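Each chain, written out:
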Amino acid sequence: MTYPQPGHDPYQPQPPISAVPGPYPPVSAVPGPYQVSGVPGPYPPVSVAPYRPGDYPPAAQRAAVQPPLTSGMATASMVLGILGVLGGWCLFGLPCILAVVLGHLALRETRDGTRSGHGMAVAGLVMGYVFVGPMIAFTFLVFFGSALGAVTPAPTP
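Parameters at a glance
- Residues numbered from 1 in each chain as written.
- Predicted model: local features only at pLDDT ≥ 70, side-chain atom pairs only at ≥ 80, totals over all residues.
- Heavy atoms only, no water.
- Helix = DSSP H or I, 4+ residues; strand = E, 2+ residues; numbered from the N terminus.
- Buried < 20%, exposed > 50% of the residue type's maximum accessible area, 1.4 Å probe, protein only.
- Contact = heavy atoms within 4.5 Å.
- Areas by Shrake-Rupley, 256 points an atom, 1.4 Å probe, with all protein chains shown as cover.
- Phe/Tyr/Trp six-rings, centres within 6.5 Å; stacked < 30°, edge-to-face > 60°.
- pLDDT = per-residue confidence, 0-100.
- Axes fitted to C-alpha atoms, helices over the stretch in contact; angles between N-to-C directions.
- Left-handed = near helix turned anticlockwise from the far one by under 90°.
- Polar contact = N/O pair within 3.5 Å; in protein donor to acceptor, adjacent residues only side chain to side chain.

**Points about the overall build of the chain**
A count of helical and extended segments in the chain gives three helices and two strands. Start at the N end of the chain and walk to the C end: the helices and strands fall as β-β-α-α-α. Across the 157 residues in the chain, those meeting the buried criterion constitute 17%. Long-range pairs, those at least 24 residues apart, make up 60% of the contacts in the chain with a sequence separation of at least 6. Of the accessible surface of the chain, which amounts to about 12600 Å², a share of 70% is contributed by carbon and sulfur atoms.

Right, dumping it as structure tokens:
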């Protein structure tokens, strides 16, 4: 049955399904010649045990390999490097210095492969080294600039 048919209105109620002609017999039709465990139906008989015991292939053995633990120092180095990038000027470069120190310790810890996190350690080192110089210079200028301003007399108008 293809739509739209001539004279078909999709907004009109459709006839009930039992009244629709089709190639299938009605539900109350006589079933086919097969019977399954005493219940008539159109399917061939099914045996209770289709396989003999022991006919199944052996299950694949999976070795549960646990990945190496991530180095905590590598994670801390990366987090402190990010803090140094975002707000290290407020903390006078301290997160950058800690990121460099912890990054070097994490590189030593992840060198033999018993711990993962080598990439995080490198990221913490890069962010720490890139921003530790400007942070130290900023800290130097703030402390010595304020000290120099306190010692130098200001002219009074």
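**Quick word on the packing of aromatic side chains**
Under the defined criterion, the tally for this structure stands at one aromatic pair. When the ring of F140 is compared with that of F144, the centres are 4.5 Å apart and the planes differ by 55°; the resulting orientation is tilted. One end of the pair, F140, and the other, F144, are both in helix α3 (residues 118-151), four residues apart, so they sit about a helical turn from each other.

**Focus: the confidence of the model for the chain**
Per-residue confidence for the chain gives a mean pLDDT of 76; residues scoring 70 or more make up 64%. Considering each helix and strand of the chain separately, the mean pLDDT is smallest for strand β1 (residues 35-36), with a value of 47, and largest for helix α2 (residues 94-110), with 94.

**With respect to the packing of helix α1 (residues 72-87) against α3**
Across the interface, α1 lies against α3 with an axial gap of 8 Å and an inter-helix angle of 35°. In this structure, α1 crosses over α3, and the sense of that crossing is left-handed. In contact with A74, T75, S77, M78, G81, I82, G84 and V85 of α1, α3 contributes M120, A121, A123, G124, L125, M127, F131 and M135.

**Considering the environment of E109**
Along the chain, E109 turns up in helix α2. Residue E109 is classed as partly exposed on the basis of its relative accessible area of 25%. In this structure, the C-alpha to C-alpha distance between E109 and A74, residues 35 residues apart in sequence, is 8.8 Å. Setting aside anything within four residues of it in sequence, one finds E109 in contact with S71, M73, T114 and R115. Separated by 2.5 Å, the side chains of E109 and S71 make a polar contact.

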